[in-house]
Structure formats: structure tokens, C-alpha cells
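Observations on chain architecture
Here's the letter readout for the chains.
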Amino acid sequence: GRACSLGAGNAELADVFDEMAVQPPIRGIKGDRIRRMAYSRAADALRRHPAAILSGSEAQAIQGVGAGMARRLDEVLETGELKELAELRQDPVVISVRELRSVYGIGPKFAAELMEKHGVHSLAQLRESVEAGSVTLSAVQRVGLRLADELRIRIPRAEAQEIEVAILHARDSLAASVDGPQDLVVVICGSYRRGKAECGDIDCLITSDTYTSNSAIPRLKQATSGDLLTRFVNALRANSLITDDLASGPSKYMGVCKLPGPGRLHRRLDIRYIPRDQFYFGMLYFTGPRSLSIDMRLRAIEKGMVLNEYCLASKDDPDDRVLVGSERQIFEALQVPYKEPHER
Ligand code: DCP
Ligand code: MG
Ligand code: MN
């Protein structure tokens, strides 16, 4: 519970909403995405707000905070907690859904089906049912279930650094191979780049000079990514770093890695292959945190532009892009003081 309602800062209030946003749905999954977004938006708005929020009505004046959220804020400010959240934390259905959904590949629908049709409420029961043959999982869900307990453990920074070294080593061995790419740039972003002491996963961005887009709408007109991502993933596999694949596409790979040797845990690895001309926009976005991206997008809108993970462009002419050779130049273009990754 919360110690003192009067001491509740905006960040603490935002934490309550963030926790609500990650609660699994209880009354069906319809409209759940909207509910989650409302909580996340409110949390982001509170975090960004420069002055301490002392009442719901005060908060409602901020964009992103509606009447429902204002009422909840009043409750937290007055009682020190949100009853809904306290109840959700103890709700057995919610606890079961959360446990089942902690498996990579199990979404809200399947979790509900497991509970209602198969009476499966925990990972132990899920393992039994799979063993007995009454529940069938996809290959990805089987990986998720097998590694569920390991994958929820966060990665200490020292280990993330070792993984980075191993990934860069694989990059170098790929470069040294026959027709190996000499220009493959590899940067670990996410919480790791922000200097956090622990990371949830490894977010790896790669680019090469041979991969560029010439449109502001890369999803529509993307230069062919070639097979460099596949070759890079194969190199990581050849270096015994990747143990399992979860999902992949032409510019995105999701899988599991583990450092060689005894006593190591499986870790989630995301790789994104980004066109060279979009790389710094991708770096900014995938370094996060999300709140910084939101701030900078709002700043771009104020200047009649659009910022996303691909580019900074004129609102009226998406082909009128700002070309940058560093993240710093994105900050400069928006006249926002530069922040080093560890300050973000
Ligand atoms: N990101 C975002 N919006 C999302 C998801 C991600 O802006 N809905 C960006 C910001 C994140 C980055 O991508 O910092 C990487 O996503 P992660 O989920 O891996 O988040 P972090 O690396 O920041 O945290 P963690 O340590 O939990 O992995
Ligand atoms: Mg991450
Ligand atoms: Mn990630």
C-alpha cells in the first residue's frame, strides 16, 4: 500500500495507472485495448506534467486525463490506494490470467479458453494438460512455456554487456566470412542503452549502407532488406548464442539467446533491421523510454512536422524528410536540448 497520500508525487500516481494498464481483462477482452490505452495515456500525461497534481479535477485539465481517471486520482490522493487495483491484485481469475499470459505466445483469448474449456489456471496445470494431450500448444507457445520461469527474470547489466560482446563478436565473424558484409552496424538499444542496472530483454538494432529507403512511408515503399538479417541471425546461431526462434519477418526477428557455458539463463532477444537513412530515428525510438518519444512527437507536431520511428518529415509533404547523421541532429531539428542515453 501507499505510505502517505499527501506525499504522492505524480510519478507514484502514474505507477498506479501503469499497473492498472497491465492488468489482464476480467470481463471479456472486448474493449480491453482501449481500457489499457486510457490508463497508459493517463500515466504518461501525469509523468510529463511539470507540477505536482493535488486533485483529480486539476489533472483533468491535462490532455490524456479523462473524468474516469480524475475520479480514480481523487481516490488515490484521498485514501492512498485504488480499491480496484487492490482487488485485481488478489482476484484469483486475474492471477491465473496473468500467469498464463506470462507465457510468450499465449494471449488473452487463449488464456480465457484454457481456463474455461480446460480448467487450466496455472503453468503447472498447463504443463500437465499438455503432457496428458488434452491441450495442444503451438511450437512458439511450447518454447514460451518451457522457458517461462527463466524469461521473467531480468538481465543484470554485467550479463547484458557480455551478451553485447558476444553479439558484436558474431557480427565480426560474419564480416570475416566469404562475401561477409563489411558495413554491418550493430547497436544494443532499449533499457540497456539507457544504462539501466537490469534489462527485460536485449533490443538489438542493425543497419548497413546497402539498405536504404527512399520514401517517408517505408512500410509501403521499403527497399528490399536482402538477406542480411537472416545472415546475422544465422551467425548468432553459429556462435551458439540463439537457442530458439519465436517470430521473424524481413526486418524483424524475435527469439531467445543464452550465453554458452553452465549456469546461464535464457534471455529474450529482439533484432530490428533498419534502413540506413532511418537508423537514428529507430535508435531514438528503440532506446526509449516511450515517454521521451511521446514528448518529441508532440514537439514535432508543434513545428508542423511528424516524428516516428522511421523519420522526421513535414506534415504536409511526407517526402520532405529531415536527413540526420546522428540522434543529436533529431533533437536539434526539434530544438529540444540533447539528452545522453543515460539521461533519457
Ligand atoms: N517502445 C515504445 N513503445 C512501445 C514499445 C516499445 O516506444 N509500445 C520503445 C521504447 C522502449 C524500446 O522500444 O524503450 C524497447 O522496448 P522494450 O519493451 O524492450 O523496453 P525497454 O528496453 O525500455 O525495457 P525492458 O528493460 O523492460 O526491456
Ligand atoms: Mg528492452
Ligand atoms: Mn524489447
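Residues numbered from 1 in each chain as written. Chains lettered and ligands numbered in written order. Predicted model: local features only at pLDDT ≥ 70, side-chain atom pairs only at ≥ 80, totals over all residues.

Which entries qualify depends on this criterion: UniProt positions are given in the numbering used here, feature names are shortened, and annotations may be inferred rather than shown by experiment.
Looking up the protein in an unreviewed UniProt entry gives the name DNA polymerase, with the organism given as Prorocentrum cordatum. Its UniProt record gives the protein a comment under Catalytic activity (unreviewed entry), which states: "DNA(n) + a 2'-deoxyribonucleoside 5'-triphosphate = DNA(n+1) + diphosphate".

A look at the overall build of the protein
Put simply, the test is: Secondary structure counts use DSSP, requiring at least four H or I residues in a row for a helix and at least two E residues in a row for a strand, with both numbered from the N terminus. Atoms counted for the radius of gyration: C-alpha only. Globule rule: 2.2 Å times residue count to the power 0.38. Residues are treated as contacting if the C-beta atoms built from their backbones sit within 7 Å of each other.
A count of helical and extended segments in the protein gives 15 helices and 9 strands. Radius of gyration (C-alpha) of the protein: 22 Å, near the 20 Å computed for a compact globule of 344 residues. Overall, the C-alpha framework of the protein stretches about 65 × 60 × 35 Å when taken along its three principal axes. Across the protein, contacts joining residues at least 24 apart in sequence account for 57% of those joining residues at least 6 apart.

Looking at the site of ligand 1
For clarity, the cut-off: Only the C-beta atom, placed from the backbone, is used; a residue is near a molecule or strand if that atom lies within 6 Å of it.
Around ligand 1 sit Gly190, Ser191, Cys199, Gly200, Asp201, Asp203, Tyr285, Phe286, Gly288, Pro289, Arg290 and Ser293, and those are all the residues in its vicinity. Contributing elements (two or more residues each) for the shell around ligand 1: helix 11 (190-193), helix 13 (279-287) and helix 14 (290-302).

As for the environment of Ser314
To be explicit about the condition: The burial label depends on the number of other C-beta atoms within 10 Å of a residue's C-beta. Counts of 20 or more mean buried, 12 or fewer mean exposed, and intermediate counts mean partly exposed, with C-beta atoms placed from the backbone.
Within the secondary structure, Ser314 is located in strand 9 (residues 312-314). We classify Ser314 as partly exposed; it has 15 C-beta atoms within 10 Å. Residues Ser314 and Ile301, 13 residues apart in the sequence, show an inter-C-alpha distance of 9.4 Å. The contact partners of Ser314, leaving out residues within four places of it in the chain, are Gly304, Met305 and Asp320.

Looking at the packing of helix 2 (residues 32-48) against helix 14
Here is the rule: Orientation is described by lines fitted to C-alpha atoms, with helices fitted over the stretch in contact, and by angles between N-to-C directions that extend from 0 to 180 degrees. Orientation labels follow simple angle bins: below 35 degrees gives roughly parallel, above 145 gives roughly antiparallel, 65 to 115 gives roughly perpendicular, and whatever is left gives oblique. Any residue outside Ala, Val, Leu, Ile, Met, Phe, Trp, Tyr, Cys, Pro, Asp, Glu, Lys and Arg is labelled polar, Gly included; the first ten of those are nonpolar and the last four are charged.
It is at 11 Å that the axes of helix 2 and helix 14 come closest, and there the two elements cross at 75°. With respect to their mutual orientation, helix 2 and helix 14 come out roughly perpendicular. Of helix 14, the residues touching helix 2 (which contributes Asp44, Arg47 and Arg48) are Ser291, Ile294 and Asp295. Looking at the contact of helix 2 with helix 14, its residues break down into 1 nonpolar, 1 polar and 4 charged.

Comments concerning the nonpolar core
Going by this rule: Think of a nonpolar core as buried Ala, Val, Leu, Ile, Met, Phe, Trp, Tyr and Cys residues, each tied to the set through C-beta atoms within 7 Å.
In this structure, Ile202, Cys204, Phe232, Leu236, Cys257, Ile271 and Phe281 are the most contacted members of the largest nonpolar core, which totals 48 residues. When contributions to this core are tallied by element, the ones reaching two or more residues are helix 9 (139-151), helix 10 (157-175), strand 4 (202-207), helix 12 (228-238), strand 6 (252-257), strand 7 (267-273), helix 13 and strand 8 (305-307). For this core, the element with the most residues is helix 13, which contributes 7 residues. Excluding its chain neighbours within four sequence positions, the residues that come into contact with Phe281 are Glu309, Tyr310, Cys311, Leu312 and Ile330.

Considerations on the packing of helix 6 (residues 92-101) against helix 7 (residues 108-118)
Any two packed helices are characterised by the angle at which their axes cross and by the distance between the axes. The condition that has to hold: Two helices that cross are described as forming a left-handed crossing if the nearer one is turned anticlockwise from the farther one by less than a right angle, and a right-handed crossing if clockwise.
Where helix 6 meets helix 7, the closest approach of the two axes is 9 Å, and the angle between their N-to-C directions is 120°. For the element pair helix 6 / helix 7, the angle class is oblique. Considering the relative orientation of helix 6 and helix 7, their crossing is right-handed. Touching Ser96, Val97, Leu100 and Arg101 of helix 6 are Pro108, Ala111, Leu114 and Met115, all from helix 7.

Some remarks on helix 4 (residues 67-79)
What counts is decided by this rule: Take the number of residues in a helix, subtract one, and multiply by 1.5 Å to get its expected span. Starting at the helix axis, one direction is taken to each C-beta atom, and the arc is that of these directions.
Between the first and last C-alpha of helix 4 there are 18 Å, a value that for 13 residues agrees with the 18 Å anticipated at 1.5 Å per step. Within the sequence span of helix 4, burial applies to Met69, Ala70, Arg72, Leu73 and Val76. All buried residues of helix 4 lie within an arc of 165° about the axis, which places them on one face of the element. Along helix 4, the residues that are exposed and aim more than 90 degrees away from the buried face are Ala67, Arg71 and Glu78. One or two residues past the end of helix 4 sits Gly80, with phi positive at roughly 85°.

What about unusual backbone geometry?
In this structure, the amide linkage connecting Gly288 to the following residue, Pro289, adopts the cis form with an omega of -5°. With respect to the helices and strands, Pro289 occurs in the loop between helix 13 and helix 14. The backbone phi angle of Asp179 is positive, close to 60°, even though this residue is not glycine. What makes Asp179 exposed here is the crowd of 6 C-beta atoms within 10 Å. Although it is not a glycine, Ser240 adopts a positive phi angle of roughly 60°.

Section: the pairing of strand 4
Defined as follows: Here the rule is simple: two strands pair whenever DSSP picks up at least two bridges between them.
Counting buried positions along strand 4 yields 6 of 6 residues, so the element is predominantly enclosed. With burial as the criterion, each face of strand 4 is covered, one bearing Ile202, Cys204 and Ile206 and the other bearing Asp203, Leu205 and Thr207. As paired elements, strand 2 (residues 185-188) and strand 4 share 4 bridges and run antiparallel to each other. Within strand 4, the residue paired with Ile188 across the bridge is Cys204.

Section: helix 10
An α-helical turn contains 3.6 residues, so a residue and the one three or four places further along point in the same direction. Given a rise of 1.5 Å per residue, 19 residues ought to cover 27 Å, and the 27 Å separating the end C-alpha atoms of helix 10 matches this to within 8%. Buried residues of helix 10: Ala160, Ile163, Ile167, Ala170, Arg171 and Leu174, and no others. For helix 10, the angular spread of buried residues about the axis comes to 100°, placing them on one side. Exposed residues on helix 10 whose side chains face more than 90 degrees from its buried face are Ala158 and Val165.

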